[in-house]
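Structure assessment
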Amino acid sequence: MTTNSIFSDSATSQGLPMPVSVEEATDFVTKRARELVGELVKQRGREEPPFLAEELAPLQGIKEIVKTDLGDVDALLIRHQDGYIIKINENHHPVRQNFSCAHEIGHTFLHELNRPLGVDYDEFRQTESNVVGRETERLCNIAAAELLMPENIFKKYLTGFGLSVSSIERLAHTFKVSIQAAAIRIAEVSPEPCEATIWRRCQKPRSKGFIGYHMRRPMYIRDPSPLLKAYESDSPVKSFKSFELNNIKKRCLMDSKGFGQGKTRYVISLVFPES
Ligand SMILES: [Zn+2]
């Protein structure tokens, strides 16, 4: 999900503060997200989800949230002397609006940090500003995930509901996030190694199948497959498949389930390497 912010495109550093590494920035935005959730929990006196971005925003100096038609843009962050305004695209689904708003709060954490992001980049293929832009967006998504699905609380609910693809819908509903955001978070906080892969229907010249990204690599699985079974029913389907992890083939348990309707239907697999 790409969120545009007028700040991410026009940020300049005043003076010459020391660049911050991506790791340091990740620690910082995660820490700030936890502090903000802590403040909300203290204010309302209970720890139960959801943690709505609109409830968190005022605690971070956001004066106003405006819902309006933003065309293709998810959300915007506007800085005024006395605080921020977040504009959210009113045409998007409420859970997407919630995530977009949390993402913009993430940008305010980076403003607090007030240091340029130092990144490694391949000068022949990508410009520094492209890499900085991409990493900035990724950091804001990390902050958004921690704000809406605080690690410890999400873990507690995951353990309660069970580490399986069948828990995704309940977790998404409980934390008011999208199915895909909940699936990615499960993989991030899972007590055992786990990858979440989202599979979409696709057609190659001679076959139909699914395309997904596993460990950031595209992967095609042709029909018939357990994925097709999951796609065509509403029940979870368990299967085994070998995946390459760091050049070593490993047998993995795939726990797959279909979501969505019609043309936008897709399958999510939680992939667990066998120990
Ligand atoms: Zn952004």
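Residues numbered from 1 in each chain as written. Predicted model: local features only at pLDDT ≥ 70, side-chain atom pairs only at ≥ 80, totals over all residues.

1. Some words on the domain arrangement of the protein chain
Put simply, the rule is: Delimitation of the domains relies on an automatic or database domain assignment. A run of H or I in DSSP becomes a helix once it reaches four residues, and a run of E becomes a strand once it reaches two; helices and strands are each numbered from the N terminus. The nonpolar class holds Ala, Val, Leu, Ile, Met, Phe, Trp, Tyr, Cys and Pro. Asp, Glu, Lys and Arg form the charged class, and all remaining residues, Gly among them, are polar.
Per the domain assignment, the segments making up the protein chain are domain 1 (6-148) and domain 2 (155-273). The straight-line distance from the C-alpha centre of domain 1 to that of domain 2 is 27 Å. Counting residues per element, the ones that place at least two in the side of domain 1 that touches domain 2 are helix H4 (94-113) and helix H5 (128-148). The greatest single-element share of the side of domain 1 that touches domain 2, amounting to four residues, is contributed by H4. Of the residues that constitute the side of domain 1 that touches domain 2, the class distribution is seven nonpolar, one polar and one charged.

2. Things to note about the pairing of strand E8 (residues 217-222)
Short version of the rule: Pairing between two strands is assigned when DSSP locates at least 2 bridges connecting them.
Relative to E8, strand E7 (residues 207-214) runs antiparallel, the two sharing six bridges. Directly across from Ile211, in E8, lies its bridge partner Tyr220. Connecting E7 to the next strand, E8, in antiparallel fashion are two residues, including Met215 with a positive phi near 50°.

3. Here we look at the nonpolar core
What counts, and what does not: Residues of type Ala, Val, Leu, Ile, Met, Phe, Trp, Tyr and Cys that are buried and joined through C-beta atoms within 7 Å form what is called a nonpolar core. In this scheme every C-beta is placed from the backbone, and a residue whose C-beta has 20 or more other C-beta atoms within 10 Å is buried, one with 12 or fewer is exposed, and one in between is partly exposed. For every residue pair, C-beta atoms are placed from the backbone, and the pair is scored as a contact if these atoms sit within 7 Å.
Counting 60 residues, the largest nonpolar core has Ala143, Leu147, Leu148, Val177 and Ala182 as the members making the most contacts within it. Shared between two domains, this core takes at least three residues from each, and those domains are domain 1 (6-148) and domain 2 (155-273). Beyond its immediate stretch of four places on either side in the chain, Leu148 contacts Phe51, Ala53, Asn98, Phe99, Ala102, Phe175 and Val177.

4. What to know about H5
Convention followed: Helix span, as expected, comes to 1.5 Å for every residue beyond the first.
Look at H5: 30 Å from first C-alpha to last across 21 residues, which is about the 30 Å you get at 1.5 Å a residue. All of the buried residues in H5 are Thr136, Leu139, Cys140, Asn141, Ala143, Ala144, Ala145, Glu146, Leu147 and Leu148.

5. A word on the packing of helix H7 (residues 168-175) against helix H8 (residues 179-189)
Defined as follows: Whenever a helix is involved, its axis is fitted only over the stretch in contact; in every case the axis is a line through C-alpha atoms, and angles between N-to-C directions fall within 0 to 180 degrees. Each angle is binned into one of four classes, with values under 35 degrees roughly parallel, values over 145 roughly antiparallel, values of 65 to 115 roughly perpendicular, and all other values oblique.
At their nearest, the axes of H7 and H8 sit 8 Å apart, and the two run at 110° to each other. Accordingly, the angle class assigned to the pair H7 and H8 is roughly perpendicular. Contact residues: H7 offers Ile168, Glu169, Leu171, Ala172 and Phe175, while H8 offers Ile179, Ala182, Ala183 and Ile186. Partitioned by chemical class, the residues of the contact of H7 with H8 number eight nonpolar, no polar and one charged.

6. A short note on the sheet that holds strand E6 (residues 195-204)
Taken in spatial order, the six strands line up as E8-E7-E6-E11-E10-E9 in an open sheet, and their pairing is antiparallel. A strand with exactly one partner marks an edge of an open sheet, and here the two such strands are E8 and strand E9 (237-245). Direction aside, the axes of adjacent strands within the sheet are offset by 35° on average. One ladder, built from nine bridges, connects E9 with strand E10 (residues 248-259); its direction is antiparallel.

7. With respect to H4
With 20 residues, H4 ought to run about 28 Å at 1.5 Å a step, and its terminal C-alpha atoms sit 29 Å apart, in line with that. Asn114, located one to two residues past H4, shows a positive phi value of around 50°.

8. Notes on the packing of helix H6 (residues 151-161) against H7
Our working definition: Two helices that cross are described as forming a left-handed crossing if the nearer one is turned anticlockwise from the farther one by less than a right angle, and a right-handed crossing if clockwise.
Here H6 crosses H7 at 145°, and the two axes come no closer than 10 Å. Relative to H7, the crossing made by H6 is right-handed. Contact with H6, carried on its side by Phe154, Tyr157, Leu158 and Phe161, involves Arg170, Leu171, Thr174 and Phe175 of H7 and no other residues of that element. Its residues placed into classes, the contact of H6 with H7 shows six nonpolar, one polar and one charged.

9. Looking at the pairing of E7
It is a general feature of regular strands that their side chains alternate between the two faces of the sheet. Pairing of E6 with E7 involves five bridges; the strand directions are antiparallel. Directly across from Arg200, in E7, lies its bridge partner Ile211. Here E6 folds back onto E7, and the loop between the two strands holds two residues.

10. Looking at the sheet that holds strand E4 (residues 83-89)
Read from one edge of the open sheet, three strands run E2-E4-E3, paired in mixed fashion. Both outer strands of the open sheet, strand E2 (62-68) and strand E3 (75-80), are each paired with one neighbouring strand and no more. Pairs of neighbouring strands in the sheet enclose a mean axial angle of 20°, with direction left out of account.

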